[in-house]
Structure formats: C-alpha cells, structure tokens
Amino acid sequence: MLDPVTISVLTHRFSAIVEEMGEAMLRTAYSQILNSSRDFSTAICDGQARLVAQAEHVPIHVGAIPWAVESVRDFFGARVRPGDVFLLNDPYHGNNHLPDLTAFVPVFVDGQVAFWSINRAHQSDIGGSTHGAYNPGATEIWQEGLRITPLKLYDAGELRDDVLKMITTNVRHPHDFMGDLRAMIGSARVGERRLLALVEDYGSKTVVEAVDEILDGAERQARATIRGWKDGTYRGEAILDDDGHGIENIAIRATVTKKGDGLIVDLSASDPQVKGFVNSSFPNTMSSVHMALAFLIDPRTPKNSGTFRPVKVITREGTIVHPRPPAPVTLATNHCAQEIAEAVIKALARACPDRAIAGWSRRFRIAIKGVNPRTKRPFIWHMFHARGGGGASPAGDGWETAGEGQAVGGIKFGSVEVAEVRFPLTFERHEFRPDSAGDGQHRGGVGSVLRLRVDTTEDGVANTAGDGTRHPSYGILGGRDGLPHRYRLLSRGRAPRVLKTKEVGIPVRPGDVFFVESAGGGGWGPSVKRRRDARAADAANGFVRRRARG
C-alpha cells in the first residue's frame, strides 16, 4: 500500500496532465466552438477502461468515456500498438452522440497498455442531411451524420491517409475539421508524453498501483457523503417540451432508493423512445446519472470511476433513456441528459435538501449557414451566446448567464468580437434579461437578451436544436421557476416568427435579426426568506425590476 503523500501527489499529477491537455486543445483548435466556447473535454483512463482523471470541462462528455474506451479496446484487442491513434463517435458503440468525436492514444508501459489519453470534442459539422451537426428532422441515426465505429487512424505511428480522406470528404468544412482533429490528437499526445514522464519519475509499479488507491479513495469519499443522506425511496420527474415530431411533454422518471452508502437509480418508468433526436444513448444516460451524483456530493471529491461505484442504474430498453437502434440521439447530450439529471436531483432533494440544486436553463442553439460576403466563402456559425441562467443552490444564488445544466458553466460564451470578425454578424444587443430568474431564498441566475443581425448579401438557412420554451428551469424546496426561453426571427416586411426549439430549413434573409431571450435559472428555498440586502442588490444590478412577490 502506498503512503498517503504519494497518493496525493499522483492524484494531482494526473489532474495536472488532463488540464494541460485541455490548454493544448484550447490554443490549437480551429473552430470557435472549441477555441472560444470550449466544447471539449480531456480525460485519462487506465488499461481497464476506468476513468482516472478528468479536467473540469463538460461533465456529460466525460462520464461516458469508459464505455468508449471499452469499445475501442475490445474491438482491436491485441492489435493495439504503440503509436496508434483511434477515433470513435458512434453512440451505439460506446459514445454519447455523433458530433462528439473522440480521439484515443494508448499509453504503453512495460509492453502493456497502462493508460488511454483521450480528447472528446464537439465538431462544427459531422456530415448528415443538414449543417451544423444537429438534425432536428432526423428520424434515424443515419440522417444525423457520419458514424465512426472503433477506427484506427494511425497504425503504429503511420497515418492511414485513405481513412482520413474518407472522413474529411463526409464533412462540410474539411479545412476546419482537419485543424480541430490535429488539435485533438495533439492534446492526447501531450497526455501520453506527460504520463510516460510520470512513470519515469515514480516507476511503473508505483503509478499503476496508485490508480487503485485513487479510485478506492474517491469511492470512500462518495459513500461517506451518501451515508449522511436520509434513507428511503424517492421519485423525481422531468419533462421535455417535445421531440420535434409531434410528441410533447416527454417524461423522464427516476425512482431513487437510498440505503446506507449506496443508491439505486431506476429509470425504467420513463416514456418510450421517440421519433426525434432527444433519445439518450445508453452511455449518455449513465453519464447523466453520474453527473447528477457529482453535483450532489462533496465538490472536493475527485470525479473518477471510483466516485460512481455507489450507484446502480436500472433502465429498460426501448425507452427514451435506452433506445433501440436506429433511433436518432444527437440532442441527447443536452436533452434528455439534463432531464435525467434533473429527475435524479429532484428525487433526492428530500434526502439531502442541503445539497439539492434548482434547475438550470436548457440548451437552445441556432446554427446559421450562409456565404460570408467579405471572404466569399461558405460558413457555419453556432450560437453559443445569450446563455441562460444557472440554478440556485444552498450555497447561494445561481450564476448569471451560466448556460445549461449539463455543462454547468463548462461551455463558455463565444467571444463577441471574434464572432463579428470571423462571421458576417453584428451583435446589436447582448445583455442580462431582467426578471428572468426564479425567486427564492437564493435566486436563480438571470438569462440573456440578444439582438443578432445577419449581415449577409445572399439568403442563408438556419436550424435550431434545444428545449425549454414550454417547461422552464424548476425551482426547488419552495423556490420559484425561472422564465422559459423565447426566441424570435425578425425579418423586414414579415411578422415576427417565433422559433421552435427543433426546426430545420429556417430561411434567413440579409439583414434578418435573431431576437433571443434566454431562460433564467430556478430559485432555491422560500422567497420570503430572501435577505433584504440581497433584494436591494438585485434591484441595483438590474437583475430584478418588478416588485418581488412574498
């Protein structure tokens, strides 16, 4: 057994490696979705596909990574060699959804795969029948994009250029895709080098043995937190607006049994799988449950495979949380991932009220395709601006414009200045949305108001993907709900068009304006308990303009 000091040092070294991998990615990726909004994650797994360390990027990405590693490892078996690089994006082979391309580098120690260095990054486009990596019109996965099952891109250090050519031919902007892919592989190579240096410093036996102790330690910490919650069986429910194909008010139902230091999360009563792309692949569902637990336990507990050992998850195939192929699933990392976590958190609110968090805003993104009149080149722009508010918690008010719950602030606003330089866009207005947050002892975070003018000279097209225009961010333990999203397209000579959360083929004319009012976060605790000085600060900051209700 290793001494505690060595374990602590190695824990922090692993964390430093994944953070450095993230910095390498941030500084080398081409697409704004990655180098500004940071929609990527980095992680290390061991040879047994156990999650050892993750950077604080996008939680829903990382929780599913062990299934992806297992898929690659089991498919290639003894054919994994030093110098290899693997790719995967298929959700029915261990991934979350198609836009999240994952790059894996095996790290050999003493002739065996001791670790996997991993980068998962959301692509600006992954092919399919519509631009921007989301297809609200999809009714089967083949319409959502290029499906990459476990694939070897570098074989013992040699690039398989025929494979690369096949992939880049199937995406709309191969230049940006190639730049992002090189950044992903470079990031994973940084992890490989740092892991080998760590083995050189401490010896292979010490480093490999430390993994068991790190995971066991995280498990003990997680169980200690759960042990303090009230035993019982609890139920929670979260509702999606619709699937984009006429099915509305889709329910995720969680029955959570807490006994001692363990949890059983039963999602089998959730609604049947649907026609549209809000179904959740099984790895994504597991990641969603683990994400909910990570939000509720002590934040100082490392988030690795040991952390989630206390949780058993039950699903039923054929439901929205465990669909049968070829169901489309691309929106799953947002919705229903967020709703799965919400249902679990709502269920456990009575067991651990001092840890339960109110609802965060839901994702509602717009992707615009057109021709940039300054460069004469086609473009695809993803809206990562005008983000909604975060949910309140026992610790205090929700974060303003923090974004959706499945990312909890890990995905950032894109730079307004960079967007205006790179794309034919003008941000006429981009500010907080007053009165959008749910009231409570602790107030939710406010959402945003955006007026975005499209400065093209030719007609373009947009699509949307998201949720939250009907069902707002929930208040909890007496807190009030936030306001839902309201998105409109303003086009000269036409009546304002209210945008649905799941649309394809939206005509965008030169000079059109997207007028976005994003959701506020839910409140925590009874509003009558909110402090007077907090209310005064809300008014002074312009977050609240109407008279507060008691």
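Criteria and cut-off values
Residues numbered from 1 in each chain as written. Predicted model: local features only at pLDDT ≥ 70, side-chain atom pairs only at ≥ 80, totals over all residues. Heavy atoms only, no water. Pairing = 2+ DSSP bridges. Helix = DSSP H or I, 4+ residues; strand = E, 2+ residues; numbered from the N terminus. Contact = heavy atoms within 4.5 Å. Axes fitted to C-alpha atoms, helices over the stretch in contact; angles between N-to-C directions. Parallel < 35°, antiparallel > 145°, perpendicular 65-115°, else oblique. Left-handed = near helix turned anticlockwise from the far one by under 90°. Phe/Tyr/Trp six-rings, centres within 6.5 Å; stacked < 30°, edge-to-face > 60°. Lys NZ or Arg CZ within 6 Å of the ring centre and 35° of its normal. Salt bridge = Lys/Arg side-chain N within 4 Å of Asp/Glu carboxyl O. Buried < 20%, exposed > 50% of the residue type's maximum accessible area, 1.4 Å probe, protein only.

Draft legend 1. Summary view of the pairing of strand 6 (residues 151-155). As judged from the 3 bridges shared by strand 3 (residues 85-88) and strand 6, these two strands associate in the antiparallel manner. Across the sheet, residue L87 finds its bridge partner in strand 6, namely L151. Both strand 6 and strand 7 (residues 158-159) contribute to a ladder of 2 bridges, which runs antiparallel. Looking at the pairing, D155 lines up with E158 of strand 7.

Draft legend 2. Expanded view of the environment of I60. Among the secondary structure elements, I60 is positioned in helix 3 (residues 59-63). When the C-alpha positions of I60 and F115 are compared, they lie 21 Å apart, and in sequence the two are 55 residues distant. Setting aside chain neighbours within four positions, we find I60 in contact with N96, N284, S287, S288, M291, T333, A337 and Q406.

Draft legend 3. Summary view of the packing of helix 1 (residues 4-28) against helix 6 (residues 174-202). Relative orientation of the contacting elements helix 1 and helix 6 amounts to 155°, with a least axis distance of 8 Å. Relative to helix 6, helix 1 is oriented roughly antiparallel. Pair helix 1 / helix 6 crosses with right-handed handedness.

Draft legend 4. Fine view of the sheet that holds strand 8 (residues 232-242). One open sheet accounts for 4 strands, arranged 8-9-10-11; its pairing is mixed. The outermost strands of the open sheet, each flanked by one partner alone, are strand 8 and strand 11 (311-314). Adjacent strand axes in the sheet meet at a mean angle of 20° when their direction is disregarded. Of the strand pairs in this sheet, strand 9 (residues 248-259) and strand 10 (residues 262-266) are connected by 5 bridges, and their pairing is antiparallel. Residue T255 lies in a different strand from strand 10, and its bridge partner there is D266.

Draft legend 5. Molecular detail of the packing of aromatic side chains. This structure, assessed with the given rule, holds 10 aromatic pairs. Residues F364 and Y487 carry aromatic rings whose centres are separated by 3.6 Å and whose planes lie at 0° to one another, so their mutual orientation is stacked. Residue F364 is located in strand 12 (residues 364-372), and its partner Y487 is located in strand 17 (residues 486-490); the two are separated by 123 residues in the primary sequence. Aromatic ring contacts, followed pair by pair, group F75, F76, F86 and W116 into a single cluster. Lying over the aromatic face of Y474, K346 brings its terminal NZ or CZ to 4.6 Å of the ring centre. The ring of F515 is capped by R451, whose NZ or CZ atom sits 5.9 Å from the centre of that ring.

Draft legend 6. Spotlight on the pattern of salt bridges. Evaluated as defined, the whole model comprises 45 salt bridges. With a closest N to O distance of 2.8 Å, E20 and R194 form a salt bridge. One end of the pair, E20, is in helix 1; the other, R194, is in helix 6, and 174 residues separate them in sequence. With a relative accessible area of 30%, E20 lands in the partly exposed category. Judged by relative accessible area, which is 33%, R194 ranks as partly exposed.

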